[in-house]
Amino acid sequence: MTSTSTDFKEYLFGPWKIDSDEVFTTSQHCFAFVNLKPVVPGHVLVSPKRVVARFAELDSAEVADLWCLVQRVGSAIEPYFGAQSLTLAIQDGPCAGQTVPHVHVHILPRRAGDFERNDEVYDAIDAASKDAASAHKGEHLDLDKERSVRTPAEMAAEAAQLRTLFN
């Protein structure tokens, strides 16, 4: 069962607060939200409401709920963004590229040829995650990279569009 973002008062993504305007659907244990620095159009995140750094720290109800929400979100955004496939990715721990200490699944709608080599998507996720973490911390970003960090208004507008898929 999913619902709108109004059923939960505060969303945390590691140490950062996620504005409820950026959340487009929720489940009992998880929430789905738009990405500060998407790698492809429609790149969104699903995270448990409880802040835990590693996947193994989730209880079985949270694991089941996380993957059920990932499936529901992926099934809705793939056709919405005109994609033919999805990349689902978790960076579980710093050595795996995790920059936010909170379990989250990246959902990326994919199209033929969106990357020259298909596995380049993982490098792009890693780079975008590092840049987004820097932006949250207020660190200076490279100007070329800074241009693709979205404003809260841009993220809220996308979340509003996606929210219509789940009402």
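Read on for a plain summary of the structure. (Residues numbered from 1 in each chain as written. Predicted model: local features only at pLDDT ≥ 70, side-chain atom pairs only at ≥ 80, totals over all residues. Heavy atoms only, no water.)

## Quick word on the pairing of strand E3 (residues 23–26)
Logical step 1: When E3 meets strand E4 (residues 30–34), the two strands line up antiparallel, connected through three bridges. When the sheet's bridge partners are listed, valine 23 is paired in E4 with phenylalanine 33. (Pairing = 2+ DSSP bridges. Helix = DSSP H or I, 4+ residues; strand = E, 2+ residues; numbered from the N terminus.)

## Looking at the sheet that holds strand E5 (residues 44–48)
Logical step 1: Taken in spatial order, the five strands of this open sheet run E3-E4-E5-E7-E6, and their pairing is antiparallel. In the strand order of this sheet, the two ends are held by E3 and strand E6 (85–89), each with one partner. On average, adjacent strands in this sheet sit at an angle of 20° to one another, irrespective of strand direction.
Logical step 2: Across five bridges, E4 lies against E5 in antiparallel orientation. Bridge pairing in E5 links cysteine 30 to proline 48.
Logical step 3: Packed on one face of the sheet, helix H4 (residues 152–163) meets E3, E4 and E5 and runs near 35° to E3. (Axes fitted to C-alpha atoms, helices over the stretch in contact; angles between N-to-C directions. Contact = heavy atoms within 4.5 Å.)

## Observations concerning the pattern of salt bridges
Logical step 1: All chains considered together, the criterion is met by five salt bridges.
Logical step 2: Linking aspartate 92 and arginine 54 is a salt bridge whose minimum nitrogen-to-oxygen distance equals 3.0 Å. Taken together, the residues aspartate 92 in the loop between E6 and strand E7 (105–110) and arginine 54 in the loop between E5 and helix H1 (60–80) connect sequence positions 38 residues apart.
Logical step 3: Given a relative accessible area of 37%, arginine 54 falls into the partly exposed group. (Salt bridge = Lys/Arg side-chain N within 4 Å of Asp/Glu carboxyl O. Buried < 20%, exposed > 50% of the residue type's maximum accessible area, 1.4 Å probe, protein only.)

## Let's talk about a nonpolar patch on the surface
Logical step 1: The grouping of Trp67, Leu86 and Leu88 at the surface amounts to a nonpolar patch, some 240 Å² of accessible area in total.
Logical step 2: Mapped onto the elements of the fold, leucine 86 is located in strand E6.
Logical step 3: Leucine 86 sits in the partly exposed class, given a relative accessible area of 31%. (Patch = residues over 30% accessible without salt bridge, like charges linked within 9 Å, V, L, I, M, F, W, Y side chains within 5 Å. Areas by Shrake-Rupley, 256 points an atom, 1.4 Å probe, with all protein chains shown as cover.)

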